[in-house]
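Listed below, chain by chain, are the residues.
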There are 2 protein chains.
Amino acid sequence: MSSIALNTSALGEALAARTADGRPISEVFLVACGGSLVDLYPARFFLATEARRLRTDLYTANEFVHAAPKALGDQSVVIVCSHGGITPEAVEAARISRVRGSLTVTLTHNDSAEIAAFADHNVLYEWGDESSVQNNPMAITLALCLEILQHAEGYPAYQDFRAAIQQIDAVVATARHKVGERTTAFAQTYRDAELFYVLSSGASYGHAYGFAICSLMEMQWLHASAIHSGEFFHGPFEVTDRKTNFIVLINEGRTRPLDERVISFLERYAERYEIIDARELGIGVLPKSVVDYFNPVLFYSVLCDYREALAKVRNHPLETRRYMGKVDY
Amino acid sequence: MSSIALNTSALGEALAARTADGRPISEVFLVACGGSLVDLYPARFFLATEARRLRTDLYTANEFVHAAPKALGDQSVVIVCSHGGITPEAVEAARISRVRGSLTVTLTHNDSAEIAAFADHNVLYEWGDESSVQNNPMAITLALCLEILQHAEGYPAYQDFRAAIQQIDAVVATARHKVGERTTAFAQTYRDAELFYVLSSGASYGHAYGFAICSLMEMQWLHASAIHSGEFFHGPFEVTDRKTNFIVLINEGRTRPLDERVISFLERYAERYEIIDARELGIGVLPKSVVDYFNPVLFYSVLCDYREALAKVRNHPLETRRYMGKVDY
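Everything numeric in this text was worked out from a predicted model, so none of it was measured.

> What exactly am I supposed to notice about the sheet that holds strand β8 (residues 245–250) of chain B here?
Residues and elements named next belong to chain B. Pairing within the open sheet is parallel, and its 4 strands lie in the order β7-β6-β8-β9. Every other strand in the sheet has two partners, leaving β7 (223–228) and β9 (272–277) as the edge strands with one partner each. Neighbouring strand axes in the sheet, compared pairwise and without regard to direction, differ in orientation by 20 degrees on average. The pairing of strand β6 (residues 195–200) with β8 spans 4 bridges and is parallel.

> Would you explain the relation of the copies chain B and chain A in this entry?
A rotation about some axis, followed by a shift along it, carries one copy of the chain onto the other. For the pair chain B and chain A, the best superposition has an RMSD of 0.0 Å and corresponds to a rotation of 180 degrees with a translation of 0.0 Å parallel to the axis. Read as a symmetry element, the transformation amounts to a two-fold axis.

> Can you help me understand helix α7 (residues 205–220) of chain B in this one?
Three- or four-residue spacings in an α-helix give side chains the same orientation, since the helix completes a turn every 3.6 residues. All names here are of chain B. Its maximal kink placed at Phe211, α7 deviates by approximately 30 degrees. The buried fraction of α7 amounts to 16 of the 16 residues, a majority that puts the element mostly inside the structure. Trp221, located one to two residues past α7, shows a positive phi value of around 55 degrees.

> Honestly, the sheet that holds strand β3 (residues 76–81) of chain A in this entry has me stumped. Any pointers?
Within a beta sheet, neighbouring strands are joined by backbone hydrogen bonds and run either parallel or antiparallel to one another. Residues and elements named next belong to chain A. In spatial order, the strands read β2-β1-β3-β4-β5; together these 5 strands make up an open sheet with parallel pairing. The sheet terminates laterally at β2 (55–60) and β5 (121–124), the two strands that pair on one side only. Along the sheet, successive strands turn relative to each other by an average axial angle of 15 degrees, direction set aside. Pairing geometry for strand β1 (residues 27–32) and β2, over 6 bridges, is parallel. Across the sheet, the residue bridging to Val28 is Thr56, located in β2.

> Teacher, can you tell me more about the pairing of strand β6 (residues 195–200) of chain A here?
Residue and element names in this part refer to chain A. Of all 6 residues making up β6, 6 are buried, and the element is well covered by its neighbours. With burial as the criterion, each face of β6 is covered, one bearing Leu195, Tyr197 and Leu199 and the other bearing Phe196, Val198 and Ser200. Across 6 bridges, β6 lies against strand β7 (residues 223–228) in parallel orientation. Each bridged residue has a counterpart across the sheet, and for Leu195 the counterpart in β7 is His223. The β-α-β motif built from β6, the intervening helix α7 (residues 205–220) and the parallel element β7 has right-handed crossover chirality.

> Please explain the pairing of strand β4 (residues 103–108) of chain A as it appears in this structure.
The side chains of a regular strand alternate between both faces of the sheet. All names here are of chain A. With 6 of 6 residues buried, β4 is to be regarded as a mostly interior element. Side chains Leu103, Val105 and Leu107 project from β4 onto one buried face, and the interleaved Thr104, Thr106 and Thr108 project onto a second face that is buried too. Sheet topology note: the β3/β4 ladder contains 5 bridges and is parallel. Considered in β4, the bridge of Val80 is made with Thr106. Crossover connection from β3 via helix α4 (residues 88–99) to parallel β4: handedness right-handed. Relative to β5, β4 is paired through 4 bridges, and the arrangement is parallel. Looking across to β5, one finds that Thr106 is bridged to Asn122.

> What is the right way to read the packing of helix α2 (residues 34–50) of chain B against helix α5 (residues 137–153) of chain B from this model?
Between two packed helices, both the angle of their axes relative to each other and the distance between the axes serve to describe the pair. All names here are of chain B. The N-to-C vectors of α2 and α5 enclose an angle of 25 degrees; their axes lie 7 Å apart at closest approach. Considered as vectors, α2 and α5 are oriented roughly parallel to each other. α5 is crossed by α2, and the crossing has right-handed handedness. Along its contact with α2, which presents Asp39, Leu40, Pro42, Ala43, Phe46, Leu47 and Glu50, the element α5 presents Pro137, Met138, Thr141, Leu142, Cys145, Leu146, Leu149 and Glu153.

> Would you take a moment to explain helix α4 (residues 88–99) of chain B for this structure?
Across its 12 residues, α4(B) extends 16 Å between first and last C-alpha, which sits within 8% of the 16 Å expected from 1.5 Å per residue. In this fold, the buried residues of α4(B) make contact with α8 (256–269) of chain A together with β1 (27–32), α3 (61–66), β3 (76–81) and β4 (103–108) of chain B. Backbone geometry just after α4(B) places Gly101(B) at a positive phi near 85 degrees.

> What is the right way to look at the side chain of Glu50(B) in this model?
With respect to the element layout, Glu50(B) can be found in helix α2. What makes Glu50(B) buried here is its relative accessible area of 6%. Here Lys70(A) takes part through its side chain, which lies 2.5 Å from a polar atom of the side chain of Glu50(B). Here Glu50(B) is in contact with Lys70(A), Leu149(B), Glu153(B), Tyr155(B), Arg254(B), Ser289(B) and Tyr293(B), once residues within four sequence places are set aside.

> Looking at this model, I keep getting lost on the interface of chain B and chain A. Mind explaining?
Facing 74 residues of chain B, the contacting portion of chain A comprises 75 residues. Summing both sides of the interface, chain B and chain A together bury roughly 6,100 Å²; the carbon and sulfur share of this comes to 52%. Area buried by chain B at its contact with chain A is led by Lys70(B), Glu238(B) and Tyr323(B), which between them contribute 13% of it. The tally of links from chain B across to chain A stands at 6 salt bridges. Taking the shortest distance from any N to any O, the salt bridge between Arg44(A) and Asp57(B) comes out at 2.7 Å. Here chain B is connected to chain A by 43 residue pairs in polar contact (both at pLDDT 80 or more). Within the residue set of the side of chain B that touches chain A, elements represented by two or more residues are β1, α2, β2 (55–60), α3, β6, α7, β7 and α8 (256–269) of chain B. Among the elements that line the side of chain B that touches chain A, the one with the most residues is α2(B), at 9 residues. Residues that form the side of chain B that touches chain A fall into these classes: 36 nonpolar, 18 polar and 20 charged.

> Looking at this model, I keep getting lost on the environment of Leu249(A). Mind explaining?
Within the secondary structure, Leu249(A) is located in strand β8 (residues 245–250). What makes Leu249(A) buried here is its relative accessible area of 0%.

Parameters at a glance
- Residues numbered from 1 in each chain as written.
- Chains lettered and ligands numbered in written order.
- Predicted model: local features only at pLDDT ≥ 70, side-chain atom pairs only at ≥ 80, totals over all residues.
- Heavy atoms only, no water.
- Pairing = 2+ DSSP bridges.
- Helix = DSSP H or I, 4+ residues; strand = E, 2+ residues; numbered from the N terminus.
- Axes fitted to C-alpha atoms, helices over the stretch in contact; angles between N-to-C directions.
- Least-squares fit on C-alpha atoms with pLDDT ≥ 70 in both.
- Bend = angle between axes of the 7 residues up to and from the residue.
- Buried < 20%, exposed > 50% of the residue type's maximum accessible area, 1.4 Å probe, protein only.
- Right-handed = clockwise from strand over helix to strand, strands pointing away.
- Parallel < 35°, antiparallel > 145°, perpendicular 65-115°, else oblique.
- Left-handed = near helix turned anticlockwise from the far one by under 90°.
- Contact = heavy atoms within 4.5 Å.
- Expected span 1.5 Å × (residues − 1).
- Polar contact = N/O pair within 3.5 Å; in protein donor to acceptor, adjacent residues only side chain to side chain.
- Buried area = accessible area lost by both parts, 1.4 Å probe.
- Salt bridge = Lys/Arg side-chain N within 4 Å of Asp/Glu carboxyl O.
- Nonpolar A, V, L, I, M, F, W, Y, C, P; charged D, E, K, R; others polar.

Taken by themselves, the reported measurements are silent on function.
Given below as structure tokens:
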């Protein structure tokens, strides 16, 4: 299996070789589908926020395949993530990237994945409850993008970011312990819920989306929608009433005021809302300069416990599917 | 009132003056909230797809304010759109852009808008059923970004794009005429619906989002969620059954296969879905090189007729609000 140190060092060498002729890396494209796309969102937010020059974008794989950006070329790095490594549009995205001459990095949990055939560098990542979150695709992609940014233009908080990667597993373990009883209470309260809105901001918005589309829609066949905390007040909040269910992921860091504004509204006009607050769960021990980017790593692990509890009380195992992998589409 | 010709010419002069010292424009930030953010999405997709070098990003205003990108500076153009021109976070976004030395363009429908005080160039746009879609914020922003791209690096389909802007009003008029009876039938079929999923791809995904959060959630207090057609098969489609309601906006252009794949699935496993197909509605007369970017202009106008019909049959006027502009938040 993979380690962050190993992968960032290999990427560093590949970047050095690639730019030896003096032509710098000019953009990073992050490409995947569904849950894997969610894992790339924090790195996209990190680069978009911190890069002075480097361009970045996030694509659902089939859009990347059908409407590939003109910029895609030999000054691009493309990171494609596919858990099973065989999703046709993800494989095709990696193939196109190679054809265009981009430095192509693939991430997968499958050691015989088709997608690796189109990679300059393939990362085999760990998965499952016993794995270290450091070695999950979300943190690995953050670490890879940290190296790319450092290589391309330097990043003042580079050492803080590396330190945070070393600290995040302990933070997550403490947080999961803290929410133990809360997940049971949550499952009891929302056992008959049919629809949830999931809100967050910053690096964690992607994970609000992920909890909606993967954990609730895919794994529980429940209706769900992600709303950016900053967007809530510009349309969506008009559905608020005392029956509607909300889950709000409150970030530590710069966009915290956006999430807190949602809570302050829900306190007045809603009744059924669950708050998961990264600060209260202990993420504040990470360096302030980079804490924003680690909120979603915490939220992902904690929310796995929430969905497990909900699945149990609903008698709807997380693995149950009616279409995915069962019918043609 | 404004005209595209007037505004693009003024912007062209501002860009020429700004880059006279040889330092080019390096990024375009598009910033707004809710319905105005939706109006900026097609231009964001256009630049992300067509620009070889120019960087672009789209921000909900309060995220831009609290976590402004480091790249924001005197080589940036920032376009901020606010219908009323007084939304605090949009005004603040414009103010920050000026402070950072960016070329700041504001768009508003309010001729005494506070936001214009922070603009290098303010565009007062037309609005309402009788206005030309050419002079609505979606097309104006597309036209402004076309000029920026042409100025920054040249764009091979520049003339095609200009031609399409001239053609789009006639296309929209024909399409609206075509859907007249369909909107009544739609309203009858879905009069008791409580939740919709709205799907699209490419430049139109932003409009799927807009129809969900503005037309349905804000104006009808109905539950709704936008799903990217490419993402549908990676989680969301597991909620599909014969009772769930879908609206699918099928694009003409490169991402059409993504939307068609959704339809082919819904034909087998759903019963309640409305198809709005830009090709069938006549958008194919626009130049093939640029047609992708004009789908959402068509969809917006046509969907206004759908929502009007739905509002009528539900006896819920489009203007009714319970929180927006009525309570503090």
